[in-house]
Amino acid sequence: MDFIRRPLRHVFLLSEAVLDKVFGPAWNPLYHLGALGFFHYWIVAVTGIYVYVFFETSVSEAYLSVEAITHEQWYLGGVMRSLHRYASDALVLMMAVHILREFAMDRYRGARWFTWFTGVPILWLVTISGVTGYWLVWDMLAQYVAVTTSEWLDSLPIFGELIAGNFLTPDSLDSRFFTLMVFLHIAVPLILLLVLWIHLQRVSRPKINPPRGLAVGTFIAMLALALVKPALSQGPADLASVPTVLGIDWFYLPVYPLLDVMSGQSLWALVLIASLILAVLPWMPPMRRRPAAEVHLDNCNGCARCVEDCPFNALSLVPRTDGAPFSHEAKVDPKLCISCGICAGACPTSMPFRRATPLVAGIELPDLTMATLRDRVDTATAALQGDARVLVFGCDYGAPVRGLAGPGTAVISLPCIAMLPPAYIDYALSKSRADGVVLAGCREGGCNARFGQRWTEARLAGTRDPHLRARVPRRRLLVAPAGPADRRKLAAEVAAFAARLTSLPAEEPPAPPARLAAAVDATKEA
Amino acid sequence: MLRRIAGYAGQAVVYALFVAILGYLSDSPAYEHFPPDRALIKLSFSHGGARKGGCRKPTAEEIAQTAVNMRRKLICPRERVPLLVELEVDGEVRLRESLAPTGLALDGPSRIYRRIELPAGPHRIVARLRDSERDQGFDFENGIDATLRPGQNFVIGFRADLGGFIFN
């Protein structure tokens, strides 16, 4: 599968870099595809309610009522209809790019299988919603959709009577069919909303609203399209004739032309097999997973910081089981854990200064413990030379940092940059192991573990526990988010940072904490 | 300042590209579903063939063994015979098909829904159906001389009670 994923990933990384420059990371549409999908869903819902107010559910009136909406009140009804059409098309476009991006970035296997798997029925539900919508307009395209869909359904040996028999002649069609279609066109999107809710169950803090600026920009663009190219009907349906040349919506009806070259049953087999392959893709092949995070109850007081920071709801607080004088303890669900280590970075016991007792944090990755990380920092910095010794912490999913290593630069790559507790920066700088520290996580907005950059920046800013101590000189710290394609950019930033370090004056030794200083003074006086 | 203006211009380009894709693919490129110079015949009906083996009167013993409210004048086998349908256009047989009865016990009606494309213009159309156990010939035969206009949807149905095939 890698031979497809790799070039696709390259395309996405390149596109992300371009859109980062144009929109900035906060508004980059590629980082908000799911939220944009939701945004378009709500546009479709609101405009659909408006159009439905004026819609007539009968064979003779359906087309005329849509025409009246389109032309007699073009300034509102027509715009609403166009927005309804284009937002539903945009929803499909967002879904398609969203699927491709998650596939390209390998964010659909392992613990993420559930979100991918529950996305497959969403494709079907969105398609059914669109098809029933086109049916209702009852123009030539609607006739094509109705007849073709019926013939396709009739190819399944499950219906007692032929559905296509309802569309043989103008007299054979009943208005009750339109009532059924209206029901489906409302019920299926509501079911879709339920499935979307299930889709997000294993995602912590899901983004369901795009940034306001991006939403406004998207809406204005859609509005402009609605005014420049309003959605129009394609002539009234006439069952005595066969629609010949049609302007079909390629977002919703791409498989329909295939029915002119293959049998209905073959097409059912094709779409069902395609759906099945899509559904089982997370296991083709299964992801080789790192061991899940483990809780060490001796050092866990149930403070909930790890639970708060976990991006995939893999952690929860449960009543204490070991009799320790705390009400709760953290518990890991290994099935949901992606082993990013963000929880270990959030744990207040991840304290590298601790020497009297073995360094074991309340929660850790078994294959990269906090003690191991401290050893790596010690080993890596011990070999550093020169007057601008830089320690770079990178991310396994961001720009590769191994190539940056040299006499004056040591590198350590982590599963996620937020696995690094801020105390380790303090440890590297205050004990003069390094002259500067670089944090190079994933590209802003493109974090593999969703919140790596966000939590790191909040911890450094002191707005999220655990904070970076105030005594750490910020001028000796560089945060340089860099995606896999930003290796050169990162190298240049690290080189510039090292050059700046040489010109900095030596730091004052850190002052002892105020309480300790007061105690020392009191002892002296005594 | 210039950088900000360039950023907004870039965003405008991306939004324009986005809506251009939406606007274009929402109804383009046009798709030719059916050649404009041709007409379409749709042969569609649902009809139950005769019971296979025919009906018979129950014997006195069978009547005696059956509850009074369950007694019937005739005992008929459930299974129906398959239909044989034939459609001839301008002397050429365009369709000849045996239609099996539906249902697990093969006691339901046989159904057909077929599309046959023809050049527009005058045609002699003859439809035939056999719904009995006979080996040769047909039980129903109806024909029509029709001039089909381009893009016409010409429907052929069947109603035994109305005398056979119905041409719309």
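For clarity, every value in this text was computed on a predicted model and none was experimentally measured.

Engineer: Tell me about the overall build of chain B, and name the residues and values.
Structural biologist: Scanning chain B from terminus to terminus reveals two helices and nine strands. Each helix and strand of chain B, ordered N terminal to C terminal, gives the series α-β-β-α-β-β-β-β-β-β-β. For 168 residues, the compact-globule estimate of 2.2 N^0.38 gives 15 Å, and the C-alpha radius of gyration of chain B, at 29 Å, exceeds that figure by more than 25%. In terms of overall dimensions, chain B has a C-alpha envelope of 105 × 50 × 25 Å along the principal axes. The buried share of chain B, taken over its 168 residues, is 21%. Within chain B, contacts between residues at least 6 apart in sequence are counted, and of these 59% link residues at least 24 apart.

Engineer: Quick one: what's the story with the nonpolar core, residue by residue and with numbers?
Structural biologist: Residues and elements named next belong to chain A. In terms of nonpolar packing, the biggest core is built from 69 residues, with I342, C343, I363, V392, V438 and A440 touching the most fellow members. Broken down by element, this core gets its largest block of residues, six residues, from helix α14 (residues 422-430). In this structure I363 touches A293, E294, V295, C300, C306, A330, C343, A344 and C347, once residues within four positions along its chain are discounted.

Engineer: How would you sum up the sheet that holds strand β7 (residues 140-148) of chain B? Please name residues and give values.
Structural biologist: All names here are of chain B. If you walk across this open sheet you meet the four strands as β4-β3-β6-β7, and the pairing is antiparallel. Every other strand in the sheet has two partners, leaving β4 (92-99) and β7 as the edge strands with one partner each. Strand-to-strand, the axes of this sheet are offset by a mean angle of 15 degrees, without reference to chain direction.

Engineer: Quick rundown of the environment of P122(B)? Include the residues and the values.
Structural biologist: Residues and elements named next belong to chain B. Mapped onto the elements of the fold, P122 is located in strand β6 (residues 121-130). On a C-alpha basis, the gap between P122 and Y31 in space is 28 Å, while along the polypeptide they are 91 residues apart. With residues near it in sequence (within four places) discarded, P122 still touches D145 and T147.

Engineer: Residue-level account of the interface of chain B and chain A, with values.
Structural biologist: Taken together, the contact pairs 30 residues of chain B with 36 residues of chain A. Elements that contribute at least two residues to the side of chain B that touches chain A include exactly α1 (2-25), β1 (31-32), β2 (38-47), β5 (110-119) and β8 (153-159) of chain B. Examining the composition of the side of chain B that touches chain A, we find that 11 residues originate from one element, α1(B), more than from any other. Relative to β1(B), strand β1 (residues 245-246) of chain A runs antiparallel, the two being bridged by two bridges. Considered in β1(B), the bridge of V245(A) is made with E32(B).

Engineer: Give me the lowdown on the packing of helix α4 (residues 74-104) of chain A against helix α6 (residues 119-137) of chain A, citing residues and values where you can.
Structural biologist: Residues and elements named next belong to chain A. Running from amino to carboxyl end, α4 crosses α6 at an angle of 160 degrees, the nearest separation of the two axes being 11 Å. Taken together, α4 and α6 sit at an angle that is classed as roughly antiparallel. The element α4 and its partner α6 pack so that their crossing is left-handed. Between α4, through S88, L91, V92, M95 and I99, and α6, the contact on the second element is made entirely by G119, L123, V126, G130 and G133.

Engineer: A description of the sheet that holds β2(B) should follow, citing residues and the corresponding values.
Structural biologist: Within a sheet, each strand pairs with its neighbour through backbone hydrogen bonds, oriented either parallel or antiparallel. Residue and element names in this part refer to chain B. The four strands lie next to each other as β5-β2-β8-β9, forming an open sheet whose pairing is mixed. Single-partner strands in this sheet number two, and they are β5 and β9 (164-167). Shown here is a sheet whose adjacent strand axes are inclined to one another by a mean of 20 degrees, direction ignored. As paired elements, β8 and β9 share four bridges and run antiparallel to each other. Each residue of the ladder has a partner; that of R159, found in β9, is G164.

Rules used throughout
- Residues numbered from 1 in each chain as written.
- Chains lettered and ligands numbered in written order.
- Predicted model: local features only at pLDDT ≥ 70, side-chain atom pairs only at ≥ 80, totals over all residues.
- Helix = DSSP H or I, 4+ residues; strand = E, 2+ residues; numbered from the N terminus.
- Rg over C-alpha atoms; globule rule 2.2 N^0.38 Å.
- Buried ≥ 20, exposed ≤ 12 C-beta atoms within 10 Å, placed from the backbone.
- Contact = placed C-beta atoms within 7 Å.
- Core = buried A, V, L, I, M, F, W, Y, C linked by C-beta atoms within 7 Å.
- Pairing = 2+ DSSP bridges.
- Axes fitted to C-alpha atoms, helices over the stretch in contact; angles between N-to-C directions.
- Parallel < 35°, antiparallel > 145°, perpendicular 65-115°, else oblique.
- Left-handed = near helix turned anticlockwise from the far one by under 90°.

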